[in-house]
Amino acid sequence: MDDFLQLALGNTLTRLVFFPAAACLPLLFFRREAVKAVKVYTFVAGLVELALGLLYVAGHPANPGAFGPSLTAAGAGDGAWSWIPSYGIRYQLAADGISMPLVLLTVLLLPLVVLGSFRGIERHWRAFGAALLLLTTGLLGALLAADLFLFYVFWEVMLVPMYLLIGIWGGERRIYAAVKFFLFTMAGSLLMLIAVLWMGFTFHRLTGAWSFAYADLLRLNLPLHTEILLFGAFALTFAIKVPMFPLHTWLPDAHVEAPTGGSVILAGVMLKLGTYGFLRFALPLFPRASLAARPLLVACALVGILYGALVAWAQVDMKKLVAYSSIAHLGFVMLGLLAADTLAWQGALLQMINHGLSTGALFLLVGMLYDRRHTKQFAEFGGLAKVMPVFAFFLVFSTLASVGLPLLNGFAGEFLILLGSFRALGWPAAVATFGVVLAAIYLLKMLQQTIWGSLTKDENRGLADLSAREVWTLVPLCVFMLWIGVAPNTFLAPSRPALNHLLADYKARLVEAPPGAPEVRPLVERLAEVGR
Amino acid sequence: MSPNDLQSLFPEVVLVLGGILLLLLDAFGPSLRRGFTGIALLVTAVAAWAVTEIPYGTSCNHLLESTGATRALSLVVLLATFLSLLASQGYLQRERILSGEYHALLLWCATGLLLMLRATELLTVFLALETLSLCLYALAAYNRRVRVGTEAAIKYFLMGAFVSAFVLYGLALVYGATGSTRFAEIGSALRTSGMPVTASLGLLLLVAGFGFKMSVVPFHAWAPDTYQGAPSPFVAFLSVAPKASAAMVLFRLLEVAALGGASGAKWSKMVALLSVLSMVAGNLLALAQRDIKRMLAYSGIAHMGYLLLALVVLNRESLTPVIVYLLAYTLMNAGAFTIVGMLYTKPDEQHAIADLAGLGYRYPVPGVCLTVCMLSLGGIPPTLGFLGKYLVFLDAVGDGLVGLAVVGVLASLVGVFYYLRVVYTLYMKSEAQASEGLLLDGWGRAAAVIAAAGTLAVGIWPTRLLSWLLAASPFR
């Protein structure tokens, strides 16, 4: 019982993950009419969650490499509780330099999303607040789970609130988009479930003990053809979530129909779960298979970069443009991850954060425009800089960050990715560079057609500029965009040990000869590696 | 009859006497009718306590046995009875057919089921089956003013008569081939003599008979019609409890069949085939339904398909996933039918899913409970439905049946689609018109909340349940 209290109330990851879920309960007691109180309450809950995130980081200064093999030694996570002991399933959360930045991004976006939705969401605010908070719990849990069963549970848990966000508060084709989103994600993850089951069972067969712990399953040494099948299941799941090129069709629908808040969380954090999944699970668990599949995946990433950019260029709807730009940007991240190079991985992780910030800001801005004009078509705008100068400033700022202007965050991430992947992959990096040019074209086209030029529509003359609330929604994001752009090393340094550790492990496993039958590496050897 | 026998029969005795008491009260004190549900609930609770008091081992001249598995499944059956009784009160009052017979029949059904679970001998199984079936037929037709109900009951009765014939015929053949009706002795006879044709034919007929009760493809045709016409609170019972007992009998039959030498593998293949057919056909047919009761009927067929996955290869661990799955299925399916019973006014009309449009906001508690039940049926964590699926698939993967497990997850993806349809109709469509005459009584709400909360609570915290099932109970 003391353990339980310590977990729930101490400065732990458990508190961080489950505070939003617990914060849903008081929402039941608000009256239906008390919309304003609900809004303020949800916002405050978001702020508290942000504070908890910062407190956790302040309380646990450095855990280099604390997730994988060294978890038992470093003990950076919340103690491994036997959850379903009969099957060796443990409740175990852990953070390291890879997951923590994404966690912080999530808790930063939560209050901003609430603030940004004050005007756009008109119905069922209690349910909206609850869905956002539960979604945060799901996202954080998936980022921090150190047991694959637990990861799967959180991975699916976050689907339901997002499904409700799109389906209840979305646009006209919301049900179609919501169901498509749900089924696409579920299709991949069910195969991953079978793969996880198989690994847990194999571990049991080989060692006599059930375990689904990440650190234990990393010890599995599998023949190549088995690895390829399992990697296929994992990669499919994550590739759908990223989304990678042929599997991306759910994303534009989901984004266009989702309310602003849903889009921000979807683009800002949920898509990163896909790339995070590759970095954390698919690549390290199956190194040889991932190397074998690399040409195919690199090709998909390249097509995603170029195709996403070209399709974005062709859009007449602002939100769709931003949605397709996500496909292109995440193509870069995937390229960096597949390069398996220290610079590329650092760039990829940084770019995940960058994309969350700049695309989040862009979706918020599109939402603010939509709240005023109830349209997102370029044809309806033009010359907005004259009536909405503050809005124009933020749009230009976020767009330039997204384009990758030096001194803003996008540049640092993309540059590192391109540098690292050129070193590791060669010409694909050169091809990807065209994506940067295309990004400039379609994003500047958006600027040109919305805020520059002359005011052609009479409806736009009376538009009010951003309110103080809206400005404060955007300021934190822009501060970080500038900060990362000016001093990227501040943000790269904390993650570097964890990434390098993971990469060293990955490469070390690549050179081993594949076994003829599944086997488990001895624990001793792993610990020795950690000490290295 | 020794005191030990009496103690082992105590749950059944309690249930039978409770039923008789209710009938007498109905005759002599009709003014007490409003309290009948309370009495019946009390009787069920006492029976549940009595179940936990039965010592492990055999009794009644080795006709009955008590193991961890039978104890757990008995409790599942009584849980289904409990939920169904809670759900029935509002329905019976609304339809003005509240009388002691209903409760008595339901309690006697439970009696038959408990006996069937624990029977180690085929004639006892048959007697229990008949006790159960007669009560079920009467209950299916209980609301006699409803024409669909009578039709449903007749269909169920005809099919049920076939089942009885199958079981009896199979029993005779097995007896002829092995000289015994006891599972253990049949097993040892088969082990020494191999599997004679008559025995395998007999076992096949028996499997078919219990396949009917479990409504697996191709013995499923009665389920949608019967579910649609019968009173919804009763369907909450019919769709879960008989399946629990039938699954146990099927387990015993397959265990015996597996002893029959080389043909054991063939039985495995047959179960695998039944499982795949049920998963695929059940889910695809459910997809096409517009009526929620028919949809749940087909989805129930699919769920029995998942359940059979654990029985393809029998080993010591096979029963745990089955029990967890049946518990999950009982909570979520009984919960769903309870809410369906509350949200639809006239039993005669179609239970169109579209009629649920927007009701999630008007009736928040039933709406949330139905959503939880649907997500659990769809196997979304952290519900018990997910855990059940997880264990079943783990068992299948452990037995080397990765292909079957993949078919299972793909089929369940189809399932997610139609379960989500209920959720989005509840919350994402606008309400057509206010429905009248809904009877959201406290009893029904309680049943819905117990089912939904149980689904979530055990799904999140299954530690105790699973360690009890796996460790504490001697599975023979």
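The shown structure was predicted, so the numbers you read here are calculated from the model rather than taken from an experiment. (Residues numbered from 1 in each chain as written. Chains lettered and ligands numbered in written order. Predicted model: local features only at pLDDT ≥ 70, side-chain atom pairs only at ≥ 80, totals over all residues.)

**Examining the overall build of chain B**
Stage number 1. Secondary structure summary: chain B contains 20 helices and 2 strands in total.
Stage number 2. Taking 476 residues into account, the globule formula puts the C-alpha radius of gyration at 23 Å, and chain B, at 21 Å, falls close to it.
Stage number 3. Seen through its C-alpha atoms, chain B measures out along the principal axes to roughly 70 × 55 × 40 Å.
Stage number 4. For chain B, buried positions account for 59% of its 476 residues. (Helix = DSSP H or I, 4+ residues; strand = E, 2+ residues; numbered from the N terminus. Rg over C-alpha atoms; globule rule 2.2 N^0.38 Å. Buried ≥ 20, exposed ≤ 12 C-beta atoms within 10 Å, placed from the backbone.)

**Examining the overall build of chain A**
Stage number 1. Tallying secondary structure elements over chain A gives 25 helices and 4 strands in all.
Stage number 2. Along the three orthogonal principal directions, the C-alpha set of chain A runs to about 75 × 60 × 40 Å.
Stage number 3. Looking at chain A as a whole, 60% of its 532 residues qualify as buried.
Stage number 4. Within chain A, contacts between residues separated by at least 24 positions form 81% of all contacts whose residues are at least 6 apart in sequence. (Contact = placed C-beta atoms within 7 Å.)

**Here we look at the environment of Leu133(A)**
Residues and elements named next belong to chain A.
Stage number 1. Among the secondary structure elements, Leu133 is positioned in helix α6 (residues 125–144).
Stage number 2. Take Leu133: there are 25 C-beta atoms within 10 Å of it, and that puts it in the buried class.
Stage number 3. For the pair Leu133 and Ala187, spaced 54 residues apart in sequence, the C-alpha separation works out to 25 Å.
Stage number 4. Leu133 has contacts with Pro20, Ala21, Ala23, Cys24 and Ala45, leaving out every residue within four places of it along the chain.

**A short note on the confidence of the model for chain A**
All names here are of chain A.
Stage number 1. Predicted confidence across chain A gives a mean pLDDT of 86, with 94% of residues reaching 70 or more.
Stage number 2. Of the regions scoring below 50 in pLDDT, residues 64–76 engages in 47 contacts with residues more than four places distant in sequence or in other chains.
Stage number 3. Below a pLDDT of 50 lies the segment residues 525–532, which in the model reaches 10 contacts outside its immediate sequence neighbourhood of four places, other chains included. (pLDDT = per-residue confidence, 0-100.)

**So, the interface of chain B and chain A**
Reports of interface size often rely on the accessible area that becomes lost once the parts have come together.
Stage number 1. Tallying the contact residues gives 25 residues for chain B and 26 residues for chain A.
Stage number 2. When contributions to the side of chain B that touches chain A are tallied by element, the ones reaching two or more residues are α17 (384–398), α18 (402–428) and α20 (463–472) of chain B.
Stage number 3. Examining the composition of the side of chain B that touches chain A, we find that 12 residues originate from one element, α18(B), more than from any other.
Stage number 4. Among the residues making up the side of chain B that touches chain A, the classes are represented as 21 nonpolar, 4 polar and no charged. (Nonpolar A, V, L, I, M, F, W, Y, C, P; charged D, E, K, R; others polar.)

**Some thoughts on the domain arrangement of chain A**
All names here are of chain A.
Stage number 1. Here the domain parsing of chain A yields domain 1 (1–292) and domain 2 (294–486).
Stage number 2. Its C-alpha centre places domain 1 at a distance of 24 Å from the equivalent point of domain 2.
Stage number 3. Those elements that place two or more of their residues in the side of domain 1 that touches domain 2 are α5 (99–116), α12 (250–257), α13 (260–285) and α14 (287–292).
Stage number 4. Looking at the side of domain 1 that touches domain 2 element by element, the count peaks at 12 residues for α13.
Stage number 5. In terms of residue class, the side of domain 1 that touches domain 2 is built from 25 nonpolar, 9 polar and 2 charged. (Domains from an automatic or database assignment.)

**Considerations on the packing of helix α12 (residues 264–287) of chain B against α18(B)**
All names here are of chain B.
Stage number 1. Axis separation between α12 and α18 bottoms out at 8 Å; the angle between their running directions is 20°. What the angle tells us is that α12 and α18 run roughly parallel. Taken as a pair, α12 and α18 cross one another with a handedness that is left-handed. Counting all contacts with α12, which are made through Ala272, Ser275, Val276, Met279, Val280, Asn283, Leu284, Ala286 and Leu287, the residues of α18 involved are Leu404, Val407, Gly408, Ala411, Val414, Gly415, Phe417 and Tyr418.
Stage number 2. Of the residues contributing to the contact of α12 with α18, the split by class is 13 nonpolar, 4 polar and no charged. (Axes fitted to C-alpha atoms, helices over the stretch in contact; angles between N-to-C directions. Parallel < 35°, antiparallel > 145°, perpendicular 65-115°, else oblique. Left-handed = near helix turned anticlockwise from the far one by under 90°.)

**Thoughts on unusual backbone geometry**
Stage number 1. With an omega of -10°, the peptide bond between Val242(A) and Pro243(A) qualifies as cis.
Stage number 2. Secondary-structure assignment places Pro243(A) in the loop between α11 (224–241) and α12.
Stage number 3. Look at the link from Val217(B) to Pro218(B): it is a cis peptide, with omega at 5°.
Stage number 4. As for its placement among the helices and strands, Pro218(B) is situated in the loop between α8 (197–214) and α9 (222–229).
Stage number 5. With phi around 80°, Leu407(A) is a residue other than glycine that occupies positive phi space.

**Comments concerning the environment of Gly277(A)**
Residue and element names in this part refer to chain A.
Stage number 1. Topologically, Gly277 is positioned in helix α13.
Stage number 2. Taking the C-alpha atoms as reference, Gly277 lies 16 Å from Phe332; in sequence the two are 55 residues apart.
Stage number 3. Once residues within four sequence positions are removed from consideration, Gly277 is found in contact with Thr237, Phe238, Lys241 and Ala282.

**Examining the packing of α13(A) against helix α16 (residues 318–339) of chain A**
Residues and elements named next belong to chain A.
Stage number 1. Direction vectors running N to C along α13 and α16 enclose 20°, while the axes themselves pass 11 Å from each other. Compared by their axis directions, α13 and α16 come out roughly parallel. Considering the relative orientation of α13 and α16, their crossing is right-handed. Here α13 contributes Ala267, Leu271, Thr275, Phe278, Leu279 and Leu283 to the contact with α16, which in turn contributes Ser326, Leu330, Val333, Met334 and Leu337.
Stage number 2. For the contact of α13 with α16, the per-class residue count stands at 9 nonpolar, 2 polar and no charged.

**Comments concerning helix α4 (residues 100–118) of chain B**
Stage number 1. Taking 1.5 Å as the rise per residue, α4(B) with 19 residues should run 27 Å; its terminal C-alpha atoms sit 28 Å apart, in good agreement.
Stage number 2. Counting buried positions over the 19 residues of α4(B) gives 18, a clear majority of the element. (Expected span 1.5 Å × (residues − 1).)

**Quick look at the environment of Ala195(A)**
Residue and element names in this part refer to chain A.
Stage number 1. Secondary-structure assignment places Ala195 in helix α9 (residues 174–207).
Stage number 2. Residue classification places Ala195 among the buried residues on the basis of 24 C-beta atoms within 10 Å.
Stage number 3. Sequence spacing of Ala195 and Met352 is 157 residues, and the spatial spacing of their C-alpha atoms is 26 Å.
Stage number 4. Ignoring sequence-local partners within four residues, the contact set of Ala195 consists of Leu230, Ala233 and Phe234.

**Considering the confidence of the model for chain B**
Stage number 1. In the predicted model, chain B carries a mean pLDDT of 88, and the fraction of residues at 70 or more is 95%.
Stage number 2. The complex model carries a pTM of 0.91, and its ipTM stands at 0.89.

**A few points about helix α17 (residues 342–373) of chain A**
Residues and elements named next belong to chain A.
Stage number 1. Here α17 is 32 residues long and its end C-alpha atoms lie 46 Å apart, about the 46 Å a rise of 1.5 Å per residue gives.
Stage number 2. Of all 32 residues in α17, 27 are buried; the element is thus mostly enclosed.
Stage number 3. Positive phi shows up at His374, right after α17, with a value of about 55°.

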